[in-house]
Amino acid sequence: MAAKGAKIKSPTMSSVYEFSTFMEPPMGGWLATFDCLSRSLRVVMAFYALLVTQPISLFRYLNKFHKLFHWGSWASPIMMFFFPVWPFVMLATVAWQKLRDVIWPPKEINCFFTEPDGLFARWLWAFYMESSVPLAIFMIHGDSTAAIVNALHDFVLTKPFWRRHMEKTGMPFPLQLGCWDGAECDWWARAKDKGADYQVGDIVLKLMDGCLGRGDTFLEKGKDGFDGTIAAVNRVLEEKYRGTKGVLVLEWIRPAQGREVHSFDIVTMVTPDGSIQLVSCLYWGHCRNGGSSTHDSTAGFVIDVAKEEVIRAASWYSALFAESMGQTGPTMTGTGMGFGEVGIGSKFPGLKEVCEQAIAGHYSALEEQPWLHAIGWDAMFSTTGPIFFEGNYASHRIPRRVFLTWRSWFYFLWNSCAFASMLERRVTAYEEKQPCLSKDNRPMSGPLPLAVERAGAAEPKRVAARAGGLAAFA
């Protein structure tokens, strides 16, 4: 772990950055049947390689993972009988899920999870998406309970956690004006002790443990009856979040002049030598219907951070981007800044420094949660300069890099034992320095009883059913 004041290495030095940034489309193109088959094959081969090299840890890990994510109390007997053929069990599980989707079609799918055309390609893609996550987490975090639990829900890695470490390392982030406890709002900063008619302006309301924009509310002065006052914010909180604890009241950050609504998807990771390096930096933008969130993006690009320049389309990320951008992506048009104008060749001066800040933030977060080997940061060029919205445990971002190519697959598989032993040493050292930690506050678990209650309110069907299993991990 880097000592305080240590110089951060160049974010573009690592081999993992090289093969996550400079890759060419496979035969037939990204998200074609051959690509989906190749990714699925890499998942299957990774499983059997891990089965040979780490059978006991893998069995224990998958048993815990499926107890939370899929099979509940049935996880142990299923794993006991079918562990050697786990990939084929997952294929059957995905087939059932696809049949269920035909009977009960899902609501609109997030742009980052759209599936390719064709029944066979869609089935392979679904298998890859479902199976790559547990294996990638295991390859990078070993048999870590905290890695499994926080992949299900942000029990420990909440918005206050990220804001605390961004503040500690000097990373700019949106001003928090208050916090809603389910019944009333405690106003902070410039809104503290102000009257009901005080103007707070445009506001964003966020759940402290929300993800993918779920539960977010954007309040713009002059729209939908919102007048920008404290009283107006309180009304919305009362109507939408009554009984929901931990809703953050944040200033609405706007993109810099001339730029569209966008975000930089910056992934950082602990490498086998113990240093933290940049994995990749992507750009999301061109939001549908002029949306205020990049969860409605229709364009994604890979950025070469060394040059601070867009070099290719992120067509490999999901079928939506492969379809809307083709295999290479549009070249820069106009200024290369505004809505729909970002393309190959667009420049982002200052982005390298932003990535260096993300690495520094990861070092800080790792001191508190020593198991946290992969983080996805969301940032933007705003009217006041570069700004970070939050960090996220990269449990669902890093698998797309792990199994993207044979080169990346080999790197993570080859170093999986090194990752696991490094994490075990770090966590052991952490707990030896703080022997008085209660069981619920150790970095390998976190405050699970409270987290189960909080998560049950946010996602009752998914999380409450697993509450017993979560409590058993504590």
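Turning our eyes to something else, we now look at the overall build of the protein. Secondary structure assignment for the protein yields 17 helices and 11 strands. Of the contacts made within the protein by residues no fewer than 6 positions apart, 70% connect residues no fewer than 24 positions apart. A total of about 20100 Å² of accessible surface is found on the protein, and carbon and sulfur atoms cover 59% of it.

On to the sheet that holds strand β1 (residues 176–180), then. Ordered in space as β2-β1-β5-β3-β4, the five strands form an open sheet in which the pairing is antiparallel. Only two strands of the sheet have a single partner each, and these edge strands are β2 (185–187) and β4 (217–219). Pairs of neighbouring strands in the sheet enclose a mean axial angle of 20°, with direction left out of account. Bridge analysis of β1 against strand β5 (residues 247–251) gives four bridges, and the strand direction is antiparallel. Residue pairing for β5: Gln176 is matched across the bridge by Leu250. Sheet strands in contact with helix α8 (residues 159–168) are β1, β3 (203–207) and β5, and its direction is about 45° off that of β5.

Pairing is antiparallel in the open sheet, where six strands are placed in the order β9-β8-β7-β6-β10-β11. In this open sheet, the two edge strands, each paired with only one partner strand, are β9 (309–313) and β11 (385–393). Taking each pair of neighbouring strands and ignoring which way they run, the sheet shows an average axis angle of 30°. Two strands pair when backbone bridges link them, and strand β8 (residues 297–304) and β9 are joined in this way by four bridges, in the antiparallel orientation.

Attention shifts here to unusual backbone geometry. Within the chain, Asp193 stands out as a residue other than glycine whose phi angle is a positive 65°. Locating Asp193 in the fold gives a position in the loop between β2 and β3. Looking at Asp193, the relative accessible area reads 74%, which means it is exposed. The backbone of Glu308 shows a phi angle near 55°, a positive value even though the residue is not glycine. Note on placement: Glu308 falls in the loop between β8 and β9. We classify Glu308 as buried; its relative accessible area is 18%.

Relative to the assigned elements, His70 resides in the loop between α3 (55–69) and α4 (75–82). Here His66 takes part through its side chain, which lies 2.9 Å from a polar atom of the side chain of His70. Separated by 2.6 Å, the side chains of His70 and Glu130 make a polar contact.

Along any regular strand, the residues point their side chains to alternate faces of the sheet. In terms of residue burial, β3 counts as a mostly covered element, since five of its five residues are buried. Judged by which residues are buried, β3 turns out to be covered on both faces: Ile203, Leu205 and Leu207 on one side and Val204 and Lys206 on the other are all buried. Where β3 lies against β5, five bridges are found, and the strand directions are antiparallel. Its bridge partner lying in β5, Leu205 is registered against Val249.

Evaluated as defined, the whole model comprises 33 aromatic pairs. Considering the side-chain rings of Phe120 and Trp123, the 6.3 Å spacing of their centres and the 50° angle between planes classify their relative orientation as tilted. Of this pair, Phe120 and Trp123 are both found in helix α6 (residues 119–141), three residues apart, which corresponds to roughly one turn of the helix. Residue Trp123 is classed as partly exposed on the basis of its relative accessible area, which comes to 30%. Ring centres of Trp284 and Tyr317 lie 5.0 Å apart, and the angle between their planes is 70°; this geometry places the pair in the edge-to-face category. Note that Trp284 is positioned in strand β7 (residues 276–287) and Tyr317 in the loop between β9 and α10 (319–325), a separation of 33 residues in sequence. Among the residues examined, Trp284 registers a relative accessible area of 3% and is labelled buried. One aromatic cluster is present, built from ring pairs that chain together Phe47, Tyr48, Phe59, Phe83 and Trp86. Over the ring of Trp252 we find Arg254, and its NZ or CZ is 3.8 Å from the ring centre. If you follow Arg400 out to its NZ or CZ, it ends over the ring of Phe113, 5.1 Å from the centre.

What counts as what
- Residues numbered from 1 in each chain as written.
- Predicted model: local features only at pLDDT ≥ 70, side-chain atom pairs only at ≥ 80, totals over all residues.
- Heavy atoms only, no water.
- Helix = DSSP H or I, 4+ residues; strand = E, 2+ residues; numbered from the N terminus.
- Contact = heavy atoms within 4.5 Å.
- Areas by Shrake-Rupley, 256 points an atom, 1.4 Å probe, with all protein chains shown as cover.
- Pairing = 2+ DSSP bridges.
- Axes fitted to C-alpha atoms, helices over the stretch in contact; angles between N-to-C directions.
- Buried < 20%, exposed > 50% of the residue type's maximum accessible area, 1.4 Å probe, protein only.
- Polar contact = N/O pair within 3.5 Å; in protein donor to acceptor, adjacent residues only side chain to side chain.
- Phe/Tyr/Trp six-rings, centres within 6.5 Å; stacked < 30°, edge-to-face > 60°.
- Lys NZ or Arg CZ within 6 Å of the ring centre and 35° of its normal.

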